[in-house]
Amino acid sequence: MKSVHMKSKKMTTFLHLVQRGRVKLLSTLFPCPLPWTKKGKKGDPQEAPQEAKSNVVQGLRGEAALLASQLRGETFHVPNLWKLFAEWPLAANQHTKQLESLVNTLLERIITNERKLKALKQADFGRLLSLWYPDADWPELATNTAYSVWIFVWDDEVDAGDTDVSNDEALARAYYQKSLSTVRRLLDLDPSEHGRERGPEDEALHTNMVLFSDVARGVRSATDKVQRERFYRELENFMVQVGVEHGHRMRGTFPSLEKYMEIRSGSVGCAPQIAITDYMLKVRLPESIMECAAMKALWKETVTICLILNDVYSVQKEIAQGSLFNLVPVMFKNCGTGKQSLDKVSHDIEVALQESIKRFEDAATSLGETASSDAQLSTDVQSFIKWCRYFITGVLQWSLESPRYGMADCLHEDGSLSIVL
């Protein structure tokens, strides 16, 4: 696998001036902060204008406001993380163009706000789905695309900071509870609802639930109850941890690093995606494999690696939106008084990734040995492991490319990043 090299975008002086004059407007039109560069060499750290910087602490409370003032305008240097995954696969699905069209159609069904719709389309989720599932057939791909769009939009409703739900804990709790009960019903896991025709009330809380109806229809037709229960449990944990995370954001508080990793492992939303991997691969691994220690370790490390990558590449966007609940600020805060350094955070993140990759490889080896006596089972298990690698490299590549995070404008020729917070 070759390391990824991308060129930074060039912007004209005129565009710089226009953008400076419209920073507040443009920050709402685009899902990530626009680049503001000083005169200098290509790849030099980019700096936001002072008026944009001052907006970072607006609306923040408690520890979050203090932390924002400490990080504001600082540059977070990230090494070329592709070097850690140089031997891992990266590929794209043959249906990439159709995926882009499908994603846009799905978004148009549930998003009425033109500004938000434009931003979500620009994120290029179709590219992400193509990288996640390079070998998937169209029926499964269409179902998972509906699911992935649904979970992105569902999560944005809570943490984007521009909705009633995101600014009211009571409304947020009602959102989680109603969504979860609807998910359970649509997956045909509620005995009291057995045999009942599904109607408009199943999507009553929020228009995005109509997409989960599409997801449930595909999943119900090709999975058994045990698989759907596993999927539901992971979705339940996701929603619970999103609620915990939302509470910290509302209060401006931060947990310990260990507790943060526990919360974020749920709220990042990777585990439900892993839970439907056998459906996507059109295999049915036995429960003895699905519930064994090696499989659980593989899941855990897949989630850990993805959440680290997601937090690193989304930190600029999240801080600009007024959210400090991210691994980078949390690690910075937990460095200890007098020892706080973004360079130390960068080093510790790289070490954490290396350690998690080592545990992933150990789990993959152990899982492969568990299935080695059965040729078909061994093939299916190796497909599952390979997909976990695709999932991770897909997150990495898409995060670097997508306008959602704006990393292309922070990238150096050697693959490292200089991210102005």
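Quick caveat, the model's predicted, so the values are computed rather than measured.

What to know about the overall build of the protein
Here comes step 1: Along the protein, the regular secondary structure elements total 19 helices and 2 strands.
Here comes step 2: Split into buried and exposed, the 421 residues of the protein put 54% on the buried side.
Here comes step 3: On the protein, roughly 18300 Å² of surface is accessible, and the fraction owed to carbon and sulfur atoms is 51%.

Quick notes on the nonpolar core
Here comes step 1: One finds Phe76, Trp150 and Phe212 to be the most contacted residues of the largest nonpolar core, which totals 126 residues.
Here comes step 2: Examining the composition of this core, we find that 14 residues originate from one element, helix α16 (residues 293-320), more than from any other.
Here comes step 3: Leave out the neighbours within four places in its chain, and Phe76 touches Val312, Val315, Val328, Leu342, Val345, Ser346, Ile349, Leu417, Ser418, Ile419 and Leu421.

Quick notes on unusual backbone geometry
Here comes step 1: For Asp188, which is not glycine, the phi dihedral falls at a positive 60°.
Here comes step 2: Tracing the sequence through the fold places Asp188 in the loop between α9 (169-186) and α10 (209-222).
Here comes step 3: Classification of Asp188 as partly exposed rests on a relative accessible area of 28%.
Here comes step 4: Positioned with a positive phi, Lys282 is a non-glycine residue whose angle comes to about 60°.
Here comes step 5: Owing to a relative accessible area of 52%, Lys282 belongs among the exposed residues under this scheme.

Concerning the packing of aromatic side chains
Here comes step 1: Under the criterion given, the structure shown has 20 aromatic pairs.
Here comes step 2: What links up through ring pairs into an aromatic cluster is the set Tyr147, Trp150, Trp154, Tyr175, Tyr176, Phe212, Phe231 and Phe238.
Here comes step 3: Here Arg184 stacks its cationic end above the ring of Tyr232, 5.1 Å away from the centre of that ring.

A few points about the packing of helix α5 (residues 96-110) against α10
When two helices pack together, their arrangement is captured by the angle between the axes and the distance separating the axes.
Here comes step 1: Look at α5 against α10: their axes get within 9 Å of each other, and the N-to-C directions meet at 130°. With respect to their mutual orientation, α5 and α10 come out oblique. Facing α5, whose interface residues are Leu106, Arg109 and Ile110, α10 presents Val210, Leu211 and Asp214.
Here comes step 2: Each residue belonging to the contact of α5 with α10 can be placed in one class, and the counts come to 4 nonpolar, no polar and 2 charged.

Considering the pattern of salt bridges
Here comes step 1: Applying the stated criterion across every chain, the model contains 20 salt bridges.
Here comes step 2: We note a salt bridge from Lys259 to Glu262, for which the minimum N-O separation is 3.1 Å. Placement of both Lys259 and Glu262 in helix α12 (residues 257-267) is noted, with a separation of 3 residues, approximately one turn of the helix.
Here comes step 3: Overall, the relative accessible area of 36% leaves Lys259 in the partly exposed class.
Here comes step 4: Judged by relative accessible area, which is 46%, Glu262 ranks as partly exposed.
Here comes step 5: Between Arg359 and Glu301 there is a salt bridge; the shortest N-O distance is 3.0 Å.

Remarks on helix α11 (residues 225-251)
Here comes step 1: For α11, built from 27 residues, the straight-helix expectation of 39 Å at 1.5 Å per residue is met to within 8% by its first-to-last C-alpha distance of 39 Å.
Here comes step 2: Between the side-chain oxygen at the start of α11 and the backbone nitrogen of Val226 there is a gap of 3.1 Å, and the oxygen is on Asp224.

Topic: the confidence of the model for the protein
Here comes step 1: In this model, the protein carries an average pLDDT of 84, and 82% of its residues clear a pLDDT of 70 or more.
Here comes step 2: Segment residues 1-56 is flagged for pLDDT under 50; beyond a separation of four residues in sequence, or across chains, it makes 95 contacts in the model.

Rules behind the numbers
Residues numbered from 1 in each chain as written. Predicted model: local features only at pLDDT ≥ 70, side-chain atom pairs only at ≥ 80, totals over all residues. Heavy atoms only, no water. Helix = DSSP H or I, 4+ residues; strand = E, 2+ residues; numbered from the N terminus. Buried < 20%, exposed > 50% of the residue type's maximum accessible area, 1.4 Å probe, protein only. Areas by Shrake-Rupley, 256 points an atom, 1.4 Å probe, with all protein chains shown as cover. Core = buried A, V, L, I, M, F, W, Y, C linked by side-chain atoms within 4.5 Å. Contact = heavy atoms within 4.5 Å. Phe/Tyr/Trp six-rings, centres within 6.5 Å; stacked < 30°, edge-to-face > 60°. Lys NZ or Arg CZ within 6 Å of the ring centre and 35° of its normal. Axes fitted to C-alpha atoms, helices over the stretch in contact; angles between N-to-C directions. Parallel < 35°, antiparallel > 145°, perpendicular 65-115°, else oblique. Nonpolar A, V, L, I, M, F, W, Y, C, P; charged D, E, K, R; others polar. Salt bridge = Lys/Arg side-chain N within 4 Å of Asp/Glu carboxyl O. Expected span 1.5 Å × (residues − 1). Polar contact = N/O pair within 3.5 Å; in protein donor to acceptor, adjacent residues only side chain to side chain. pLDDT = per-residue confidence, 0-100.

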